[in-house]
Each structure stands twice: as C-alpha cells, then as structure tokens.
Amino acid sequence: MLRKNRLFTPGPTPILPAAQTAMASFSLHHRTADFRALFSRVLADMKEFIGTRNDVLVLASSGTGVMEGSVSNLTSPGDKVLVLTAGKFGERWCDLAKAFGCAVEVLSAPYGETFSLEDVRQKLTPEIRAVYLQATESSTGARHDVKGLARLVRAQGDNTLLVVDAITGLGTTHFDVDGWGIDVIIGGSQKALMIPPGLAYCAVSERAWARMETAKSPRYYFDFRKERKAAAKGESAFTPATSLFAALGAALDFVRQMGNGDLVAGREALINNAELAAEMTRAGAAALGLKLFSPACPAAALTAIHAPAGIDSGAIVKEFRETFAAVVANGQGEMKGKLFRIAHLGFYDYLDTIGILAALELVLATVTGKPVEYGAAVRAAQEVYARTAAAHVMGAR
Ligand SMILES: *Cc1c(COP(=O)(O)O)cnc(C)c1O
C-alpha cells in the first residue's frame, strides 16, 4: 500500500499544519514593531501554556541549550548540586553540572524506575545549591513525581533551587509550577508544542533570578538576565528564530482553540489527549503480551515497550519504518536493542493511536514469525477509548 511518513518519536513530533503554513509565509524582521508584538504575545501565551506567573524565556536552541543555561546561570564552580537520574537525560544533567565545575551528588534509580522519596530526602542537605531532574525521562518512558520531589526540595528553604527538565513533561503532565515552587521549568519546541526543533523555553522564579546575581559560572549566549531584559522590550538579545516564533504563535492559537478560546483549558485538553493515547497504547501492548519498560510509573508523553524475548528492538523499529513508514524510537545507549518507544505527545489523535497499534500487531507477527491475534491490541485500545468517552459524556451532563 501507499505509505505516509509519520513520526511516533518523542521529539521531533508531528508538525501542526497551521504552524507549518505560518512558518512558510513568514518574513518579518525581528527589530520591528510587528515582530515585537508577536514576540510579546507569544511570551504571554507561553506563561499560560506553562502555567506560571514567572517570566518566560524562549531561546533559539535545542532543549539542551536551556538545560546548560540552567546550570551556568545558577551555579558557581564548586557548588554542590544534586542530580536525580534514571536515564540518558538524567545523565545529561550530570555531564552538564560537571562541565561547569559543580560538585555533583548523584542519586540514581535503575532505568525504567523512579526515585524513592525517602532516598531523596536523605540526600538533601542544606548546602545543596540546586536539584536537577526530569519530569519525564524520555529514554525510559518513566514519569517522576515532580510534586512530591518539589515538596522535599522546598522544605530545604530558599538556598536550594529546583530545576525541572520538563521537555517532554510540559503539555503531557499537569504541573502547578508556582504552587509547587519549581524554580526553572524547561521545555522544547519539538515536543508537545507541535513545531519543529529549534526553540527551547523556560520559566524562571524570582528565587532563581536572585541566584543569578551571585552565580559565577561563565555564560554568554545563554545569559538569562540579558534575555529577560531584552524580552521586557519585546525583543531577544540576539537574532531570534523568527519563523519558529510564527509557528509557535500558531501552535498556541491551536491549543487555545482546543480549550474553546481558553489557553489554560486547551493545555489541559492537550494533556488529557496525551494521557488517553498513552493509556490506549499501554492497553494495546499488554493485549499483545508485551511488557512495559516503566510499568510502575508510565509517562503520558511516550510508551517504552520491551522487545519480546530473543528479538532485537531494532528489528521492530526497522519493520515499522520499512512496511508502514512509521518512525518509532529504539532504546538509547545501553537500552538500544532492548526496547522501542512510541510517542503520543502533541499532535496525535485517536486514529494515530489506533493506527500504530494495528501496525504493531503486523510488525510483531513479522519479526517474531509467530501468530498474532489480529485486532487484540486495537480492541483493548478501543475499550479504553470507549470507557473514557462514556465517562466524559457523563461528566459533562
Ligand atoms: C528531547 C529531550 C531533551 C532535549 O534534547 P534536545 O535534543 O537538546 O532538544 C532533554 N530532555 C528530555 C527529557 C527530552 O525528551
């Protein structure tokens, strides 16, 4: 059959058509009143999308750029920081903090798992200047308990900052950023926001802005204070990724439409969409006898699934691509060959979810050479959908 190329990867994700159009026709210069209006509107909308009153920055870089800025702006060489890691992105925090000369304390959980709050409590000491973690560990499909972890960090007082890489968490998980006391929360354009890679964003608390006055690590492009000053005038310190701003504006309009004109309601609808697609995907995988990689704490952003015994997950990824032009992700690092990851953050709908599960049935039959009960994954997902839709209708009455 004809094959449409489709992404089921936890970044980049499928692009919203309206964002693509907005980008393609964009030609404003960035030091003009029209662009300043767009820039300021997007930053204001981003506060609602993130769910914060804190100042938001949007920078031209991949997500890692703002992760780096969250180390360089908030620490001085020799500062003790705590990294909570349970996967490849947690390990990135370790590498970044070491690169800037921090004394890095590490609390790790095995891949596919999350942290015991008691272990974290024991690691937290008053001299820890910042705690770095992920909301969703995209390499394992695990979701961490940001609310519980934030409560522990805040109990330390104002000396300890909390920095959350929510690059696949935002738009898939509910956060009360200000209520929980998250000092820096980080996102990226190529995840739930449905636009191409190239923008990274963050919301920064007053406590974190104050830290920057004394933090001594070197920084230049990712100098958050410089960006904040420029943003107050509707500009960025350097040339912004202008066409991506146009795309971001269109994406935020789309989310607002999902909430019938209310961006906050739209954000919640986007989160619920990812949650439902994730639940359908988990049910489908289970119906085929597949095991989840993070069964105890699965994320809404993506579902990581063990390859069946004796099968390299690379064969599954390859079969999806070659037969259906569907791009799913292999495991990263040591997890390569062991698991595959199906994303459902951002611009995914019911038909995408049902379609990838139907394809999974055929892919499994091919790679294992064993019979698969066709329709089993689809049926399980349908049941989840029907149950949720029925509950929704009753709730609305
Ligand atoms: C995608 C992602 C990142 C950022 O990666 P970049 O390639 O720099 O955009 C960081 N953390 C998590 C959890 C991610 O999913």
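Residues numbered from 1 in each chain as written. Predicted model: local features only at pLDDT ≥ 70, side-chain atom pairs only at ≥ 80, totals over all residues. Heavy atoms only, no water.

(A) Quick peek at the sheet that holds strand β3 (residues 80-85). Strand order across the open sheet formed by seven strands is β2-β10-β9-β8-β5-β3-β4, with mixed pairing between neighbours. The sheet is open, and its two edges are formed by β2 (55-60) and β4 (103-108), each paired on a single side. Going across the sheet, the axis of each strand differs from the next one's by a mean of 20 degrees, ignoring polarity. The pairing of strand β5 (residues 130-134) with strand β8 (residues 161-165) spans five bridges and is classified as parallel. Residue Val-131 lies in a different strand from β8, and its bridge partner there is Leu-162. In this fold helix α6 (residues 146-154) packs onto β3, β5 and β8, with an angle of close to 160 degrees to the strand it touches most, β8. (Pairing = 2+ DSSP bridges. Helix = DSSP H or I, 4+ residues; strand = E, 2+ residues; numbered from the N terminus. Axes fitted to C-alpha atoms, helices over the stretch in contact; angles between N-to-C directions. Contact = heavy atoms within 4.5 Å.)

(B) The nonpolar core, seen in detail. Counting residues in hydrophobic clusters, the biggest one holds 95 residues, and the most contacted among them are Met-46 and Phe-320. Ranked by the residues each element gives to this core, the list is headed by helix α13 (residues 350-368), at nine residues. Mapped onto the domain boundaries, this core takes at least three residues apiece from domain 1 (6-12 + 261-396) and domain 2 (17-258). Sequence-distant contacts of Met-46, that is, excluding residues within four places in its chain, are made with Val-56, Val-58, Leu-193, Tyr-201, Leu-248 and Leu-252. (Core = buried A, V, L, I, M, F, W, Y, C linked by side-chain atoms within 4.5 Å. Buried < 20%, exposed > 50% of the residue type's maximum accessible area, 1.4 Å probe, protein only. Domains from an automatic or database assignment.)

(C) View of the sheet that holds strand β11 (residues 302-306). Taken in spatial order, the three strands make up an open sheet running β11-β14-β13, and their pairing is antiparallel. At either margin of the open sheet sits one strand with a lone partner, and together these are β11 and β13 (329-330). Where β11 and strand β14 (residues 339-343) come together, five bridges link them in antiparallel fashion. Looking at β14, one finds that Thr-303 is bridged to Ile-342.

(D) Up close: the side chain of Gln-190. Positionally, Gln-190 belongs in the loop between β9 (184-188) and β10 (199-204). For Gln-190, a relative accessible area of 12% puts it in the buried group. Setting aside residues up to four positions removed in sequence, Gln-190 forms contacts with Gly-11, Pro-12, Thr-13, Ile-195, Pro-196 and Pro-197.

(E) Inspection of the domain arrangement of the protein chain at higher detail. Under the domain assignment used here, the protein chain contains domain 1 (6-12 + 261-396) and domain 2 (17-258). Relative placement of domain 1 and domain 2: their C-alpha centres are 27 Å apart. Note on domain 1 versus domain 2: buried area summed over both sides is about 2900 Å², and carbon and sulfur give 65% of it. Of all residues in domain 1, the largest losses of buried area upon contact with domain 2 belong to Leu-263, Arg-267 and Leu-270, amounting jointly to 22% of the total for that side. Of the charged contacts in the structure, one is a salt bridge between Glu-275 and Arg-143, with a shortest N-O distance of 3.0 Å. Among the elements that line the side of domain 1 that touches domain 2, the one with the most residues is helix α11 (residues 263-287), at 10 residues. Partitioning the side of domain 1 that touches domain 2 into residue classes produces 20 nonpolar, seven polar and six charged. (Buried area = accessible area lost by both parts, 1.4 Å probe. Salt bridge = Lys/Arg side-chain N within 4 Å of Asp/Glu carboxyl O. Nonpolar A, V, L, I, M, F, W, Y, C, P; charged D, E, K, R; others polar.)

(F) Focus on the site of the ligand. Near the ligand you find 13 residues, and of these Ser-62, Thr-64, Ser-138, Asp-165 and Lys-191 are the closest. Gly-63 is positioned with one of its backbone polar atoms (N or O) 2.9 Å from an oxygen atom of the ligand. Considering the ligand on its own, with 380 Å² of exposed area, one finds that the protein chains cover 88% of that surface. Among the secondary structure elements, those contributing two or more residues to the shell around the ligand are α3 (63-72) and α4 (88-99). (Near = heavy atom within 4 Å. Polar contact = N/O pair within 3.5 Å; in protein donor to acceptor, adjacent residues only side chain to side chain. Areas by Shrake-Rupley, 256 points an atom, 1.4 Å probe, with all protein chains shown as cover.)

(G) Just the pairing of β10, in detail. A large share of β10 lies buried, amounting to six of its six residues. Neither face of β10 is left uncovered, since the one carrying Leu-199, Tyr-201 and Ala-203 and the one carrying Ala-200, Cys-202 and Val-204 both have all their residues buried. Examined bridge by bridge, β9 and β10 share five bridges and lie antiparallel to one another. When the bridges of β10 are listed, Ile-185 appears paired with Ala-203.

(H) Just the layout of surface pockets, in detail. Here the largest pocket defines a volume of roughly 420 Å³. In terms of lining residues, the largest pocket is bounded by 14 residues, among which Asn-272, Asn-273, Leu-276, Thr-388 and His-392 are the most central. Top element by residues in the lining of the largest pocket is α11. It accounts for six residues. For the lining of the largest pocket, the class distribution of residues is eight nonpolar, five polar and one charged. Approximately 330 Å³ is the volume attributed to the second largest pocket. Secondary-structure elements contributing two or more residues to the lining of the second largest pocket are α12 (313-324) and α13. It is α13 that provides the largest number of residues to the lining of the second largest pocket, a total of five residues. The residue makeup of the lining of the second largest pocket, split by class, is eight nonpolar, two polar and four charged. (1 Å grid on protein atoms, 1.4 Å probe; cavity = no way out; pocket = protein on both sides within 12 Å on 5 of 7 lines; lining within 4 Å. Points joined across faces, edges and corners; volume = space filled by probe spheres on them.)

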